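Chain and residue survey
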Amino acid sequence: MPIDKEETTKQAYRFLKSYHSLLKLSLYGQDGAFEAKAMELVRVIEGYRDNLDDVRREIFANLFTRRSIERLKLFQLYEVLDIDKAQYERLKVEILLDFAKSYRGGVLLVEY
């Protein structure tokens with residue numbers, strides 16, 4: 001099954017960008033299924049983040065789990081991680097593809 005890497009990374013990116021909304025749903029007393037589902041998804045995202053190596057964890061957190069006021073600018077991130085733009089982009093794509101493959105048996109994968 002050939003995977004459309006570009007569309008898959010877009011799909012995973014959009015899904016992971018919902019982290020802060022899910023976190024709000026899980027913390028602010030939403031009743032029933034919404035709260036339970038939000039809590040489950042937050043745990044999945046945080047669990048994935050926590051299992052990454054240091055460089056990937058920093059990139060992932062900066063993209064998805066940090067509050068906007070805590071995020072580093074890209075030039076700061078490059079400096080802190082001692083990487084360049086090409087390495088950053090490659091690692092970001094690797095992270096997104098890996099997450100898409102691992103989440104619920106690949107439900108985020110987009111095929112050609």
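Preceding block: the structure.
Residues numbered from 1 in each chain as written. Predicted model: local features only at pLDDT ≥ 70, side-chain atom pairs only at ≥ 80, totals over all residues. Heavy atoms only, no water.

A word on the overall build of the protein chain. Counting its secondary structure elements, the protein chain contains six helices and zero strands. Along the protein chain, helices and strands appear, N-terminal first, in the series α-α-α-α-α-α. C-alpha atoms of the protein chain, sized along the principal axes, occupy 45 × 40 × 20 Å. Among the 112 residues that make up the protein chain, the fraction classed as buried is 37%. Across the protein chain, contacts joining residues at least 24 apart in sequence account for 64% of those joining residues at least 6 apart. If you average the places of the 19 positive and of the 19 negative side-chain charges in the protein chain, the two averages end up 3 Å apart. (Helix = DSSP H or I, 4+ residues; strand = E, 2+ residues; numbered from the N terminus. Buried < 20%, exposed > 50% of the residue type's maximum accessible area, 1.4 Å probe, protein only. Contact = heavy atoms within 4.5 Å. Lys, Arg positive; Asp, Glu negative; His and termini not counted. Charge placed at Lys NZ, Arg CZ, Asp CG, Glu CD.)

Another point: the environment of Val 44. Inspection of the secondary structure assignment puts Val 44 in helix H3 (residues 33-50). Here Val 44 falls in the partly exposed class, since its relative accessible area comes to 32%. Here the alpha-carbon distance between Val 44 and Arg 104, two residues 60 residues apart in the chain, equals 9.9 Å.

We now examine the nonpolar core. With 28 residues, the main nonpolar core has Phe 15, Leu 16, Ile 45, Ile 59, Phe 60 and Phe 99 as its most contacted residues. Those elements that provide at least two residues to this core are helix H1 (5-16), helix H2 (19-27), H3, helix H4 (54-65), helix H5 (74-81) and helix H6 (85-102). Element by element, the count of residues in this core is highest for H6, at six residues. (Core = buried A, V, L, I, M, F, W, Y, C linked by side-chain atoms within 4.5 Å.)

This brings us to H3. Taking 1.5 Å of rise per residue, the 18 residues of H3 would be expected to cover 26 Å, and the 25 Å separating its terminal C-alpha atoms lies within 8% of that figure. Every buried residue belonging to H3 is among Ala 38, Leu 41, Val 42, Ile 45, Tyr 48 and Arg 49, and all of these are buried. Along the long axis of H3, the arc covered by the buried residues comes to 130°, so they all point the same way. Within H3, the exposed residues directed more than 90 degrees away from the buried face are Ala 33 and Arg 43. (Expected span 1.5 Å × (residues − 1). Arc of directions from axis to C-beta.)

A ring pair, where both rings are aromatic, is described by two values, the distance of the centres and the angle of the planes. In total, this model carries eight aromatic pairs according to the counting rule given. Judged by centre distance (5.4 Å) and plane angle (65°), the rings of Tyr 13 and Phe 64 are edge-to-face. Separated by 51 residues along the polypeptide, Tyr 13 in helix H1 and Phe 64 in helix H4 bring together distant segments of the chain. Phe 64 gets classed as buried once you look at its relative accessible area, which sits at 1%. Members of the aromatic cluster, joined through ring pairs, are Tyr 13, Phe 15, Tyr 48, Phe 60, Phe 64, Phe 99 and Tyr 103. (Phe/Tyr/Trp six-rings, centres within 6.5 Å; stacked < 30°, edge-to-face > 60°.)

Those residues of H4 not exposed but buried are Glu 58, Ile 59, Phe 60, Ala 61, Asn 62, Leu 63, Phe 64 and Thr 65. Against H1, H2, H3, H5 and H6 lie the buried residues of H4. For H4, the side-chain oxygen to backbone nitrogen distance between the N-cap and Val 55 is 3.1 Å, and the N-cap itself is Asp 53. (Polar contact = N/O pair within 3.5 Å; in protein donor to acceptor, adjacent residues only side chain to side chain.)

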